[in-house]
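Close look at the chain arrangement
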Amino acid sequence: MKAPWALLDAQKNLVAANEAFLSFFNIKAPLGNIKDLFEEFPQSYGFFKLRSKKGSPIETIISPYPDDLILILLKSASREAKEEFQMEKLAAMGNLAGHIAHEINNPLGAILLYANLLKEDLPSEGLQADYVDKIIKLATRCRIIAKALLNVGRREPGSIEPLDLNRLIINMFSLVEGHRLFKEIDIVWELEKTLPLIHGNRSQLEQLVLNLITNAAEALEGKGRIIVRTAYLSPEDTVIFEVEDNGPGIPPEIRPRIFEPFFTTKSGGKGTGLGLAICYGIVKRHQGEIQVESRPGCTVFRVKLPRVILNYE
Ligand SMILES: Nc1ncnc2c1ncn2[C@@H]1O[C@H](COP(=O)(O)OP(=O)(O)OP(=O)(O)O)[C@@H](O)[C@H]1O
Ligand SMILES: [Mg+2]
């Protein structure tokens, strides 16, 4: 989708605009004046963050144009459009993944059942017993992946209860800190003391925390520093949860793909590539957002969760 743009005359009347601009502001003829679209419109050229009458701040470039016209280009709107596209793509992938998982889950259960029955009838030693053990092991692995995929594709957050996110994070961490992956990692806690309770699904939020801290520790290859942060944004009534690591960072070329199911850079069966796809699904089901900022030496995953899930039955 092209970036939304419009041309204004000296009186700030819209004289031309592209389709993206018109649909962004939902304009039908006549085009009208820029003052109808923005709370305030600057008198100078440059780069501005403007508040539209729709409410959201928009990064905007205002520049001179031939014939005494003014070009206005909505930067973040085009980025939003891209993100929207990306989100729809992820949602579609998640649905497909969930559907496939659902279809293979039952036959897999049957394979495991029959393999276990076969095992009972076989002598416990020997080649055949080894083969059956392999079938059971591999089918079990498929089952774990199928279950994880179901988590990617699910639509509802499941049972919702009031949760103390700080406590949930600390409890989750106490389960993994004994693991050798975390042995030489310093954990810095920056938890907001007066964090309000939030509405959420306990096991899904635990999974979210686990996946993000595991990724951070894996990126650090066992050595480094992880900062775990929480905060409360009262104007938005939103809780923030951040995991920051000082690892190598996410290369820009792979950045757009990290939330896709099965995207991994971890070779040798170390990663399935489902961790972040699951996180994405969980956050969306909680009507939240997940963002990442990364450069070498600093990667931050930021999760925003509304304190209360609206319209949820
Ligand atoms: N903190 C991080 N620093 C650097 N790269 C990261 C970080 N978190 C995620 N990534 C990148 O994103 C990819 C996808 O992450 P994701 O958690 O979805 O899968 P995975 O960790 O590879 O496998 P799985 O989570 O299924 O074990 C990773 O393979 C890695 O390349
Ligand atoms: Mg992972």
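These numbers come from a predicted model, not from an experiment.

Turning to the pairing of strand S3 (residues 46-51), a few remarks are in order. Consecutive side chains along a regular strand alternate between the two faces of the sheet. Where S3 lies against strand S4 (residues 57-65), six bridges are found, and the strand directions are antiparallel. Residue pairing across strands places Phe47 opposite Ile61, the latter belonging to S4. The turn linking S3 back onto S4 is made up of five residues, and Gly55 within it adopts a positive phi angle of 110 degrees.

Attention now moves to the site of ligand 1. Residues in contact with ligand 1 amount to 21 residues; listed here are only the nearest, Asn215, Thr264, Thr265, Lys266 and Leu276. Between ligand 1 and the protein, one listed contact pairs an oxygen atom with a side-chain N or O atom of Asn215 at 2.8 Å. Contacts to ligand 1 include Thr264, whose side-chain N or O atom sits 2.5 Å from an oxygen atom. Coverage of ligand 1 by the protein amounts to 90% of the 590 Å² it exposes when considered alone. Structurally, ligand 1 is housed in the largest pocket. Those elements giving two or more residues to the shell around ligand 1 turn out to be helix H5 (202-219), helix H6 (275-285) and strand S12 (298-306).

This brings us to the nonpolar core. Membership of the largest hydrophobic core comes to 55 residues, with the highest contact counts inside it found for Leu208, Leu212, Ile226, Phe241, Phe259 and Phe301. Residue contributions to this core reach at least three from each of two domains, namely domain 2 (80-153) and domain 3 (161-306). Apart from the residues lying within four places of it in its own chain, the contact partners of Ile226 are Phe182, Ile185, Asp186, Ile187, Val188, Ile213, Ala216, Ala217, Leu220, Val243, Glu244 and Asp245. Phe24, Ile27, Leu37 and Ile58 belong to the second-largest nonpolar core, a separate cluster that totals 18 residues.

The feature "domain: Histidine kinase" (unreviewed entry), as given by UniProt, occupies residues 99-309 in the numbering adopted here. This span, residues 99-309, is 43% helix and 23% strand, and a straight line between its end C-alpha atoms measures 25 Å.

In this section: H6. With nine of its 11 residues buried, H6 lies for the most part within the structure. What H6 keeps buried is the set Leu276, Ala277, Ile278, Cys279, Tyr280, Gly281, Ile282, Val283 and Arg285. Gln287, located one to two residues past H6, shows a positive phi value of around 60 degrees.

Attention now moves to the packing of aromatic side chains. Applying the stated criterion across every chain, the model contains eight aromatic pairs. Between Phe259 and Tyr280, the ring centres sit 5.8 Å apart and the planes meet at 50 degrees, which makes this aromatic pair tilted. Here Tyr280 lies in helix H6 and Phe259 lies in the loop between strand S10 (238-245) and H6, a separation of 21 residues in the sequence. On the accessibility criterion, Phe259 (8% relative accessible area) is buried. Given the relative accessible area of 11%, Tyr280 is considered buried. Of the aromatic side chains, those joined through ring pairs into one cluster are Phe21, Phe24, Phe25, Phe38 and Phe41.

The subject of this paragraph is the environment of Glu289. Counting through the fold element by element, Glu289 comes out in strand S11 (residues 289-295). It is 23 Å that separates the C-alpha atoms of Glu289 and Glu218, two residues lying 71 residues apart in sequence. The residues touching Glu289, leaving out its near neighbours within four places in the chain, are Val283, Arg302, Val303 and Lys304. Within the local environment of Glu289, its side chain forms a polar contact with the side chain of Gln291, the two groups lying 3.3 Å apart.

Defined simply, a disulfide is a covalent bond joining two cysteines at their sulfur atoms. Enumeration according to the criterion identifies zero disulfides in this entry. Here Cys279 is not disulfide-linked; the sulfur of Cys298 is the nearest cysteine sulfur, at 18 Å. Among the residues examined, Cys279 registers a relative accessible area of 0% and is labelled buried.

Attention now goes to the domain arrangement of the chain. According to the domain assignment, the chain contains domain 1 (5-78), domain 2 (80-153) and domain 3 (161-306). Spacing between the C-alpha centres of domain 1 and domain 2 amounts to 51 Å.

Next up on the list: the side chain of Asn166. Along the polypeptide, Asn166 turns up in helix H4 (residues 165-176). For Asn166, a relative accessible area of 11% corresponds to the buried category. Here Thr230 takes part through its side chain, which lies 2.8 Å from a polar atom of the side chain of Asn166. When neighbours within four sequence positions are excluded, Asn166 is seen to be in contact with Leu191, Glu192, Leu195 and Thr230.

Okay, the pattern of salt bridges next. Enumeration over the complete set of coordinates arrives at 14 salt bridges. In this structure, the salt-bridge partner of Arg167 is Asp164, at a minimum N-O distance of 3.9 Å. Arg257 is the salt-bridge partner of Glu260, the closest N and O atoms lying 3.1 Å from each other. One salt-bridge network, held together by shared partners, links Glu190, Arg225, Arg229, Glu242, Glu244, Glu293 and Arg302.

Cut-off values and rules
- Residues numbered from 1 in each chain as written.
- Chains lettered and ligands numbered in written order.
- Predicted model: local features only at pLDDT ≥ 70, side-chain atom pairs only at ≥ 80, totals over all residues.
- Heavy atoms only, no water.
- Pairing = 2+ DSSP bridges.
- Helix = DSSP H or I, 4+ residues; strand = E, 2+ residues; numbered from the N terminus.
- Near = heavy atom within 4 Å.
- Polar contact = N/O pair within 3.5 Å; in protein donor to acceptor, adjacent residues only side chain to side chain.
- Areas by Shrake-Rupley, 256 points an atom, 1.4 Å probe, with all protein chains shown as cover.
- 1 Å grid on protein atoms, 1.4 Å probe; cavity = no way out; pocket = protein on both sides within 12 Å on 5 of 7 lines; lining within 4 Å.
- Sits in = over half its atoms within 2 Å of the grid points.
- Core = buried A, V, L, I, M, F, W, Y, C linked by side-chain atoms within 4.5 Å.
- Buried < 20%, exposed > 50% of the residue type's maximum accessible area, 1.4 Å probe, protein only.
- Domains from an automatic or database assignment.
- Contact = heavy atoms within 4.5 Å.
- UniProt positions renumbered as here; feature names shortened; annotations may be inferred.
- Phe/Tyr/Trp six-rings, centres within 6.5 Å; stacked < 30°, edge-to-face > 60°.
- Disulfide = S-S within 2.5 Å.
- Salt bridge = Lys/Arg side-chain N within 4 Å of Asp/Glu carboxyl O.

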